[in-house]
Protein chains: 2
Amino acid sequence: MFAIGEASRRSGVGIETIRYYEREGIVPRPERSANGRRVYSTEAIGLLKFLKNCRSLGFSLADAKALLDLSGSARSDCDAVLDVSKRHLRAIGEKIAELRKLEAALEELTANCSAGNTECPMLDTLRRS
Amino acid sequence: MFAIGEASRRSGVGIETIRYYEREGIVPRPERSANGRRVYSTEAIGLLKFLKNCRSLGFSLADAKALLDLSGSARSDCDAVLDVSKRHLRAIGEKIAELRKLEAALEELTANCSAGNTECPMLDTLRRS
DNA sequence: CCTTGATCCTGTAGCGACTACAGGAAGCAT
DNA sequence: ATGCTTCCTGTAGTCGCTACAGGATCAAGG
């Protein structure tokens, strides 16, 4: 059994974040030691790692929680997991496309800008309707 | 001179957002009519459009404000504009790269998942250290 | 003149996912 | 006894809005 600092080190989830997850009901409340401090089992640390992995993949906390619940359920069927993942993949794809559009637009805007100009063509464009 | 609703319609910036920009000091406080309502000139609406364009390009509000100030200054030299834009372009590029990595990782994870599986390989991976 | 509906006002709270304190109580090592 | 670290609770800040609540005012129609 580990204190919150150790759980943080082992899971890679920040101390404040662990307490936040607890407040939000993402992870179950840990037991407390005689002095009132939180105590974490290796299983509890496993949950934190799981959440960390989900977040690293860009899943929202709500999705991460859903995946965690799926992981905990007896029959962890792929169907629901795939559903969440595919939605997320689509969102990522859309975000990439959007950013690429921004990138292209911004590159075009800056192309005509050159140091020393008195009147900036980019500002000019930004002022347009 | 226009009321806030008309300014919103003409600039494409939401009413609440206009008031928010005012609170935050992004745009100057408009004059008030006798009954205390905000009144916007075409110039003021131009500022809102400018901000809208900046935000559409993904600039942070702080950057947008900086660009707006540059636009208003007498000598609007390209140097400072380019500086802000290039930083933003770099940030966009980094974000795209990051999202592509996520996309690839997630695609690999879901590849081994198939409907009807009793034990989901993706959840398995998420549980790992 | 009265009512209805649209628009406006201020002020506050909520979103997501943390992060950063403040202010205090333990524990541990010297 | 002292310092240092870790822990606790509770609150507020981040970003850029957005959504109310609760009220005032306006313009048009009957």
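Residues numbered from 1 in each chain as written. Chains lettered and ligands numbered in written order. Predicted model: local features only at pLDDT ≥ 70, side-chain atom pairs only at ≥ 80, totals over all residues. Heavy atoms only, no water.

1. Quick notes on the overall build of chain A
Okay, so step 1: Within chain A, the regular secondary structure consists of six helices and two strands.
Okay, so step 2: Taken from N to C terminus, the helices and strands of chain A fall in the order α-α-β-β-α-α-α-α.
Okay, so step 3: Compactness check: chain A gives a C-alpha radius of gyration of 23 Å against a globular reference of 14 Å for 129 residues, more than 25% above the reference.
Okay, so step 4: Referenced to the eigenvectors of the C-alpha coordinate spread, the extents of chain A come out at roughly 70 × 40 × 25 Å.
Okay, so step 5: Taken over 129 residues, chain A has a buried fraction of 39%.
Okay, so step 6: Intrachain contacts of chain A at a sequence separation of at least 6 include 42% that bridge at least 24 residues.
Okay, so step 7: Approximately 7400 Å² of chain A is accessible, and the part contributed by carbon and sulfur atoms is 48%. (Helix = DSSP H or I, 4+ residues; strand = E, 2+ residues; numbered from the N terminus. Rg over C-alpha atoms; globule rule 2.2 N^0.38 Å. Buried < 20%, exposed > 50% of the residue type's maximum accessible area, 1.4 Å probe, protein only. Contact = heavy atoms within 4.5 Å. Areas by Shrake-Rupley, 256 points an atom, 1.4 Å probe, with all protein chains shown as cover.)

2. Some points on the protein's contact with DNA strand C
Okay, so step 1: Looking at DNA strand C, there are 19 residues lining it, with Tyr21 and Arg55 of chain A together with Gly5, Arg19 and Arg38 of chain B nearest.
Okay, so step 2: Sugar and phosphate atoms represent 74% of those atoms of DNA strand C found within 4 Å of the protein.
Okay, so step 3: Within the side chain of Glu16 of chain A, an N or O atom sits 3.3 Å from a base nitrogen of DNA strand C.
Okay, so step 4: The side chain of Arg19 of chain B places a nitrogen or oxygen atom 2.6 Å from a phosphate oxygen of DNA strand C. (Near = heavy atom within 4 Å. Polar contact = N/O pair within 3.5 Å; in protein donor to acceptor, adjacent residues only side chain to side chain.)

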